[in-house]
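# Structural characterization, general
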Amino acid sequence: MIESDYFEGARVLVTVDLSKPGWKDLTPFEMLSSMDVVLLGFHPIPDQTTPEQAEDQLGEEAQRRLDELEKRFDHAGISVVKRLVFSGDFKKTLDTLADEENCTAILTWNERMNFDRIGVFLRADQGRDNIVNNLAAMMVNQDQEVELIHFISEDSEIDDAESRSILETERDYLVDRGCDEERISIRVDRVSDVDEALSETSNEYDAIVMGETKPSTASEVFGTRHELVQENAEGPVLVVRYPEED
Amino acid sequence: MSNNQQDLSRNLGFLEAYTMGLGTMIGAGIFVLPSIAAAKAGPASMVSFVVAGFVSLLSALSHSELATGMPEAGGSYYYVYRSMGSLYGSIVGLGMWSGLMFATAFYMLGFAQYMTYFYGDLPIALTAFLMALFLVVLNYRGTEETALFQNLIVLLLAGFILVFVTVGLFNVDLTTFRPFNPNGWGAVAETAATVYVAFIGFGVIATSAEEIQNPGRNLPLSMIASVLTPTVFYVLVMFVSTGILPLTEMAKSTIPVADVAEIIMGTPGALMMVVGAILATVSSANASILSAARVNFAMGRNGVFMDWLNKVHEDYHTPYRSIVVTGSLIMLLIGLGVGIETLADVASFTYLVTYALVHLALIVMREADPEDYAPDFVLPAVAYPLVPVLGFLFTVVIILQMRPVVLGIGTVIILLGVAWYIFYARDHAEGEHLIWEALKSNSDEETS
């Protein structure tokens, strides 16, 4: 059995929208116990209201809710760092805080919170170490089912066998780190539109794990794949951050 | 304590701050003002834009130092309140608030005028009123994450104006410029005051001083750039407009840039400028309603105004009371039938008074030199006290050129501020301010 400190450095920013009534039903899940957790209580505000104004009037109640969630984590044996933010820009807040707190992954804590079957989106052209490491950290000593998924665009040069072998390498890596081989499956689909496939598939699983897209001008304007999934998925989404270039 | 709002780090570089400033500057003014300006001062009104731009530039410099020294919500209002106390705070706060109302009513009438391009018999006041009502409802319910949308609008407007100016420059007929200055330099100065309404937006950069990286450099640079760029745009638009459309036609046009575009680019050009004008007037009006709520909040925070106004809505989380009061007064101004030129003039007046007092605020801060005032950007020795003194004088001179009716309404607004101070703010506001220290430190120097 592998000790959890094997995965030192896995630090996840767990976000919860405190303005929605669903916060009451959230309970911490054991999977996070092997990771450092920064609990971000996020309260969206409209353009019309300044963060200070919102904090003046809504801060007390939001803080109370966040404290209660912290207690639930405490009961589950997970100690967290708390942050409370009022902002109109969820994406910017996530980026800024994940940087400040040195988080390697961001988990949007949705009302539907179930990790029995996890879908993992992987790409061929992307460093996968971070994703798989975080995944392994979450799964250690747990018994979920995991499907490693690779969508290949129809006009891509990569063939199915090549893609399958990439996924098998990652599966072996997880098995080496103590995950049960029988619970890890592989899925390779050839699709016409990868973005569409991602958002459609995201609800076939209880939870989604995926990597952050490398930031670019296009993604600044049109949004990124992980934002697409964050918006569409009804369950939790763990986005593993793009490694910082030093 | 890590659990705090304020430590969200700085993430606006020069380009972001500049774009944000441009967003507030390239707005309704340039689409609506050309005919009003041309009617007042003829082709020489392009000089009015240069003067208004220069006055704004001085103001931007004083703002830059104060903003990096006091990065607080409320901007201009806060600098004046902090340095000169709640009497001047009341005057400036009430002035900015009503200035934003007059400006919004001005934008809405401009909007309605351009809508007549599609349907000539459209009742102007009613259309303006309904659009204002729509914007109030929109703001009451709250809007989210419009940054991308706003950037697109700015880009589009800048593009439209560039096309207009570029095509226009090849079509300018120099004989149209005669007489260049039909009504004399007094009219040019008065027009500078009227068109100042097109420049009131630059203060927005100052209010986000906290979010700007390396503010000592980026804040003044982005403020200067976002004053200079639109000044050049405006002057060129005026040059092209008065160089193409004869003065008599120009003066009576309610859709000036579209009429000019019709001549040089035909109907597609006119349509482009109409669409631009509609986008610009609506987004400027919306930004003003937002700013009004910000001013209310800053005033409520110091006890200068009722905090009651700043309560946020339970479901929408918007400062709905402030929005409703501001919106009702805007609709009242439209309903009363105040003329479009007077609306622009009064908005300019209140902002000129505000920015004049900001120059004084800078002098007070420098003289009082409180311990917590350590601006990242300090006006260099050659510019202080030259900039605030010159800025103040210029502003006052321009104000004095305005029409009696404008001076009358403006004075009433100032007196309302004074009355507000006597009957409310004096008893509620936090007392601390620095003007006495500034005077004291000076007299100490004289006696020693």
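Each remark here, short or long, concerns the structure printed above.
So, here's what we can say about the structure. Just so we're clear, the structure is a prediction, and the values are computed from it rather than from any experiment. (Residues numbered from 1 in each chain as written. Chains lettered and ligands numbered in written order. Predicted model: local features only at pLDDT ≥ 70, side-chain atom pairs only at ≥ 80, totals over all residues. Heavy atoms only, no water.)

### Topic: the sheet that holds strand β3 (residues 80-87) of chain A
Residues and elements named next belong to chain A. Strand order across the open sheet formed by nine strands is β3-β2-β1-β4-β9-β8-β5-β6-β7, with mixed pairing between neighbours. The open sheet has two edge strands with one neighbour each: β3 and β7 (184-191). Strand-to-strand twist in this sheet, taken as the mean axis angle between neighbours without regard to direction, amounts to 20°. With eight bridges connecting them, strand β6 (residues 145-153) and β7 associate as parallel partners. (Pairing = 2+ DSSP bridges. Helix = DSSP H or I, 4+ residues; strand = E, 2+ residues; numbered from the N terminus. Axes fitted to C-alpha atoms, helices over the stretch in contact; angles between N-to-C directions.)

### Thoughts on the interface of chain B and chain A
At the interface, 31 residues of chain B touch 30 residues of chain A. Applying the counting criterion to the chain B and chain A interface returns one salt bridge. Note that Asp56(A) and Arg301(B) form a salt bridge whose closest N and O atoms lie 3.8 Å from each other. Taken together, chain B and chain A are joined by nine residue pairs in polar contact (both at pLDDT 80 or more). Residues that form the side of chain B that touches chain A fall into these classes: nine nonpolar, 14 polar and eight charged. (Contact = heavy atoms within 4.5 Å. Salt bridge = Lys/Arg side-chain N within 4 Å of Asp/Glu carboxyl O. Polar contact = N/O pair within 3.5 Å; in protein donor to acceptor, adjacent residues only side chain to side chain. Nonpolar A, V, L, I, M, F, W, Y, C, P; charged D, E, K, R; others polar.)

### So, the pairing of strand β4 (residues 105-108) of chain A
Along any regular strand the residues' side chains alternate between the sheet's two faces. Residue and element names in this part refer to chain A. Alternating residues of β4 divide into Ala105 and Leu107 and Ile106 and Thr108, and every residue in both groups is buried. Strand direction decides the pairing type here: strand β1 (residues 11-17) and β4, joined by four bridges, are parallel. Counted as the bridge partner of Val14 is Leu107 from β4. In terms of strand pairing, β4 meets strand β9 (residues 237-240) through four bridges, oriented antiparallel. Counted as the bridge partner of Ile106 is Val239 from β9. (Buried < 20%, exposed > 50% of the residue type's maximum accessible area, 1.4 Å probe, protein only.)

### Here we look at the pairing of β6(A)
All names here are of chain A. In terms of residue burial, β6 counts as a mostly covered element, since seven of its nine residues are buried. Pairing between strand β5 (residues 117-121) and β6: five bridges, direction parallel. Bridge pairing in β6 links Arg117 to Glu145. You can see the chain leave β6, run along helix α4 (residues 160-176) and come back into β7, and the turn it takes is right-handed. (Right-handed = clockwise from strand over helix to strand, strands pointing away.)

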